[in-house]
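Below, each chain spelled out in residue letters.
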Amino acid sequence: MLLSDSGTMTLPIHNVLPALLTALTAGSNAVLVAPPGAGKTTTVAPALITQDWCSGQVLLLSPRRLAARAAAERMAEMMGEEVGGTIGYATRLDSRQSARTRILVLTEGIFRNRIQQDPELAGVSAVLFDEVHERSLDSDFGLALALDVQEGFRPDLRLLAMSATLDGARFAALMQGAPVIESAGKSWPLELRHIGRRGERRIEEDMAAAIIRALAEEAEGDLLAFLPGVAEIERTAERLVSLSPAIVLHKLHGSLDPAEQRRAIRRDEAGRRKVILATSIAETSLTIDGVRIVVDSGLARRPRYDRAAGVSRLVTERASQAAATQRAGRAARQCPGVAYRLWETAATSGLPPFDPPEILESDLSALMLDCAGWGVTDPASLRWLDPPPAAALAEARSRLVALGALDAEGHVTDHGRAIARLPLDPRMAHMLMRASEIGLSTLAAEIAVLIGERGLGGNEPDLAQRLDRWRREKGRRADAARALAHRWAKLAGGAMRAGDEPHGPGLCIALGYPDRVARRRSADGAEWISAGGRGFRLDPLSPLARAEWLAVAEVQGASAGARILSAAPLAMEEIERLFADRIETVRSVRFRPETGGVEALRQQKLG
């Protein structure tokens, strides 16, 4: 920590802040390259609201809800205020802001919705895109729209791209030759220890062993461990139950209640050492107080769009070199640190250099619909760092035409405008609008929340059971999710029935995913065939295995036999009612060699 003559803390970003402010006074755009620990997230926005040109709000975009809340709380603390005053935040499940809010930290998805509802960004003086190097689809699209707004309506709007890696030149070129300001980072010594792992063992076995070893070898400091997902975090936690009472174990991932997340990132009130088991949510954007030890599994779980199957699936794969560097750097943010890596030194060069941009590997249906609503039938005409692939756009367009959201020429329909107004992906929004027509908007909104927020009501595949448990759950996260469902139901409108339809959850899912209506094809319920032609697999011990028909919401795995993650039972009568116009009756005649006779068949086919 460095102190100025006045006794206040000085961060590396303060050395380049005058140059940044000069650049944004002279022009509309700038790019700031500042390594983790430089202080860009919490320092730049407060400096901007003191400038003469900044009479409105400053929007600070954050890639994750946890990081958005943490940044807002930290800035408010630095100003000696409560969150919701000068500093506020807005995420999907939580918002703290008021008429006095000058700096609003919001997630990229919230900004994407806001700019489409208000293309002129009235009352906004500047938009700061934090952690742009992560290349999320929402961030890339938000920047493309902001540049379009700046060119067409708001030449006075300031746009600042902030990156932790040295890729500022590409962003500068995209932003019409914007100046690039580079800041140094905090330079604390960091020791890397490559300890390898045994490939035949589950990752949680090796991670638990590495954590115990690190705690023994390092007498002080909290420990942050990176695991690919929630399941691995839970299994690793089970193997650490015998830790000393002087050590407290925390979990950190997106499904947790905000209060639990806050406890994980703050110092322990009783002064105990902390072990924090985290997903990649902890890689960037926030400092976790007290951490000087990192244990990195070297794995990451990312969504990958299976274009052949038409679904996004989570894939566990090796972390990139950039991610590994970010993770290790967490140990040296506040003091000298050490990072234990569960791979050999030579294997680092074999890791992919960077995570691929989401725009190259995602379902682009929402992007295509949003662009059509923006008045752009060809998304490639906007300004992108990496243009969206033509094949992915063509597939997205076909899906939206099938949903009735676009016409044959690619223009948005009335139904498309209605679903675009909902803060949901097109399939879920289509489900909600169609469900509202039959009085099930509340139920459909609840199903949409359950699908989008893992962990509510449990994690088993039966969405009807999860829904029943979630309705009775206590806690801030459960309450916020129920409030969100209520808002979505009101947005969808339509009549609301009193009570639930017997197969209501399945009905709603079938409206959004008609191609995933599936019929059991094995006696034990392990094998299923869908209307879209895909085969699904289900644990035969699941209560769902006894159903004849399922409406499948989420699947994971290869297209040949993906595992059902969430589904609900559906009755044959409901299928006939919902899809009467799609059910074909086919008659055929075939020869039966074993009997020497001819057999006439009459089949009803859905898909």
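Conventions and cut-offs
Counting restarts for each chain: residues are numbered from 1 in the order of the written sequence. At least 70 in pLDDT is required for a residue's local features to be given in this predicted model, at least 80 for side-chain atom pairs to be given and counted, and no such filter applies to totals for whole chains, interfaces and linings, which use all residues. Each side-chain value is worked out from all heavy atoms of the structure, with water and hydrogens disregarded. Throughout, exposure labels follow a simple rule: accessible area from a 1.4 Å probe, protein chains only, divided by the maximum for the residue type, with under 20% read as buried, over 50% as exposed, and the rest as partly exposed. Put simply, DSSP marks the helices as runs of H or I at least four residues long and the strands as runs of E at least two long, and each gets a number from the N terminus on. Note on pairing: two strands pair once DSSP finds at least 2 bridges between them. Confidence of the predictor in every single residue is expressed as pLDDT, which spans 0 to 100. A contact between two residues is defined here by any heavy atoms of the two lying within 4.5 Å. Our arc is simply the arc of the directions from the helix axis toward the C-beta atoms. Definition of a polar contact: a pair of N or O atoms within 3.5 Å, with one able to donate and the other able to accept a hydrogen when the atoms are protein atoms, and with sequence-neighbouring residues admitted only if both atoms are side-chain atoms. Angles here are taken between N-to-C directions and fall from 0 to 180 degrees, while the axes themselves are lines fitted to C-alpha atoms, restricted in helices to the stretch in contact. Angles below 35 degrees are treated as roughly parallel, those above 145 as roughly antiparallel, those between 65 and 115 as roughly perpendicular, and all remaining angles as oblique. Each helix crossing is assigned a hand: it is left-handed if the near helix lies turned anticlockwise from the far helix by less than a right angle, otherwise right-handed if that turn is clockwise. Charged means Asp, Glu, Lys or Arg here, nonpolar means Ala, Val, Leu, Ile, Met, Phe, Trp, Tyr, Cys or Pro, and polar covers whatever is left, Gly included. When two rings of Phe, Tyr or Trp (its six-membered ring) have centres within 6.5 Å they constitute a pair, described as stacked for plane angles under 30 degrees, edge-to-face for angles over 60, and tilted for the intermediate range. Sitting over a ring, as applied to charges here, requires NZ of Lys or CZ of Arg to be within 6 Å of the ring centre and within 35 degrees of the ring normal. By salt bridge we mean one thing: a side-chain nitrogen of Lys or Arg within 4 Å of a carboxyl oxygen of Asp or Glu. The set of buried Ala, Val, Leu, Ile, Met, Phe, Trp, Tyr and Cys residues whose side-chain atoms join them within 4.5 Å is what this entry labels a nonpolar core. A helix is expected to reach a length of 1.5 Å times the quantity of its residues less one. Only residues whose relative accessible area exceeds 30% and that form no salt bridge enter a patch; like-charged residues are grouped when within 9 Å of one another, and nonpolar side chains (Val, Leu, Ile, Met, Phe, Trp, Tyr) when within 5 Å. Calculation of accessible area relied on Shrake-Rupley with a 1.4 Å probe; when residues are assessed, cover is drawn exclusively from the protein chains displayed.

Draft legend 1. Molecular detail of the pairing of strand S23 (residues 562-569). For S23, the tally of buried residues reaches six of eight residues, placing the bulk of the element in the interior. The pairing of strand S21 (residues 535-537) with S23 spans two bridges and is classified as parallel. Bridge assignment links Arg537 to a residue of S23, and that residue is Arg563.

Draft legend 2. Broad picture of the confidence of the model for the chain. Confidence in the prediction for the chain averages 88 pLDDT; 93% of positions are at 70 or higher. Mean pLDDT across the elements of the chain ranges from a minimum in strand S1 (residues 2-3), with 36, to a maximum in strand S8 (residues 124-129), with 98. Across residues 1-7, confidence stays below pLDDT 50; counting only partners more than four residues off in sequence or on other chains, it has nine contacts.

Draft legend 3. Up close: helix H4 (residues 108-117). Among all positions of H4, only Glu108, Phe111, Arg112 and Ile115 are buried. Buried residues in H4, looked at end-on, bunch into an arc of 105 degrees, giving them a common side. In this structure, the buried side of H4 is in contact with strand S4 (57-62), strand S7 (103-107), S8, helix H5 (137-152) and helix H11 (365-374).

Draft legend 4. Spatial organisation of unusual backbone geometry. One non-glycine residue, Arg135, lies in the positive phi region at around 55 degrees. By secondary structure assignment, the location of Arg135 is in the loop between S8 and H5. Here the phi dihedral of Gln176 falls at roughly 60 degrees; this positive angle occurs in a residue that is not glycine. You can see Gln176 is positioned in the loop between helix H6 (168-174) and strand S10 (180-182).

Draft legend 5. Highlighting the side chain of Ser136. Residue placement: Ser136 occurs in the loop between S8 and H5. Judged by relative accessible area, which is 13%, Ser136 ranks as buried. Separated by 3.0 Å, the side chain of Ser136 and the backbone nitrogen of Ser139 make a polar contact. When sequence neighbours within four positions are dropped, the list of residues in contact with Ser136 reads Glu108 and Glu358.

Draft legend 6. Representation of the packing of helix H14 (residues 426-437) against helix H18 (residues 504-512). Where H14 contacts H18, the axes come no closer than 7 Å and their chain directions differ by 125 degrees. Taken together, the axis directions place H14 and H18 in an arrangement best described as oblique. Of the two possible hands of crossing, H14 and H18 adopt the one that is right-handed. Contacts between H14 and H18 involve Arg427, His430, Met431, Arg434 and Ala435 from the former and Cys508, Ile509, Leu511 and Gly512 from the latter. Of the residues assigned to the contact of H14 with H18, the class counts are five nonpolar, two polar and two charged.

Draft legend 7. Looking closely at the packing of aromatic side chains. A full pass over the atoms with the stated rule returns two aromatic pairs. Here the aromatic rings of Phe111 and Phe129 are separated by 5.8 Å at their centres, their planes lie at 90 degrees, and the arrangement is edge-to-face. Placement of Phe111 in helix H4 and of Phe129 in strand S8 is noted, with a sequence separation of 18 residues between them. Using a relative accessible area of 0% as the deciding quantity, one classes Phe111 as buried. A residue is classified by how much of its surface remains accessible, and Phe129, at 1% relative accessible area, is buried. Both rings, one in Phe141 and one in Trp384, keep their centres 5.9 Å apart while their planes meet at 15 degrees; by these two values the pair is stacked. Highlighted residues: Phe141 in helix H5 and Trp384 in the loop between H11 and helix H12 (390-403), separated in sequence by 243 residues. Under the relative-accessibility criterion, Phe141 is labelled buried at 0%. Here the basic side chain of Arg158 rests over the ring of Trp53, its NZ or CZ set 4.4 Å away from the ring centre.

Draft legend 8. Region of the structure containing the pattern of salt bridges. Applying the stated rule across the entire model yields 46 salt bridges. We note a salt bridge from Glu191 to Arg193, for which the minimum N-O separation is 3.0 Å. Exposure remark for Glu191: the relative accessible area of 40% places this residue in the partly exposed category. With a shortest N-O distance of 3.0 Å, Arg213 and Glu217 are connected by a salt bridge. Of this pair, Arg213 and Glu217 both sit in helix H7 (residues 203-217), separated by four residues, roughly a single helical turn.

Draft legend 9. Expanded view of the nonpolar core. In this structure, Phe111, Val127, Phe129 and Trp470 are the most contacted members of the largest nonpolar core, which totals 97 residues. Sequence-distant contacts of Trp470, defined by excluding residues within four places in its chain, comprise Glu446, Val449, Leu450, Leu456, Gly457, Ala478, Ala481, Arg482 and Ala485. Grouped together as the second largest cluster of nonpolar side chains are 36 residues, Leu11, Ala23, Ala30 and Val58 included.

Draft legend 10. Structural view of helix H3 (residues 65-79). Taking 1.5 Å of rise per residue, the 15 residues of H3 would be expected to cover 21 Å, and the 21 Å separating its terminal C-alpha atoms lies within 8% of that figure. Among the residues making up H3, those that are buried are Leu66, Ala67, Ala68, Arg69, Ala70, Ala71, Ala72, Glu73, Met75 and Ala76. Those residues of H3 that are buried are in contact with helix H2 (40-48), S4, strand S5 (87-90), S7, strand S13 (247-252) and helix H9 (258-265). Residue Gly80 follows H3 closely and has a positive phi angle near 75 degrees.

Draft legend 11. Region of the structure containing the sheet that holds S7. Read from one edge of the open sheet, eight strands run S6-S5-S7-S4-S8-S9-S3-S10, paired in mixed fashion. A strand with exactly one partner marks an edge of an open sheet, and here the two such strands are strand S6 (95-96) and S10. By the bridge criterion, four bridges tie S5 to S7 in an arrangement that is parallel. Considered in S7, the bridge of Tyr89 is made with Val105. On the sheet, H5 packs against strand S3 (29-33), S8 and strand S9 (158-163) and is oriented at approximately 150 degrees with respect to S8.

Draft legend 12. View of the pairing of S5. Residues Ile87 and Tyr89 of S5 are buried on one face, and the alternating residues Gly88 and Ala90, pointing to the opposite face, are buried as well. With two bridges connecting them, S5 and S6 associate as antiparallel partners. The residue of S6 that forms the bridge with Tyr89 is Arg96. If you look at the hairpin formed by S5 and S6, you'll find four residues sitting between the two strands.

Draft legend 13. Spotlight on a nonpolar patch on the surface. A contiguous nonpolar patch, built from Val589, Phe591 and Val598 and spanning about 340 Å² of accessible area, is present on the exposed surface. Along the chain, the position of Val598 falls in strand S25 (residues 597-605). Since its relative accessible area comes to 63%, Val598 is described here as exposed.

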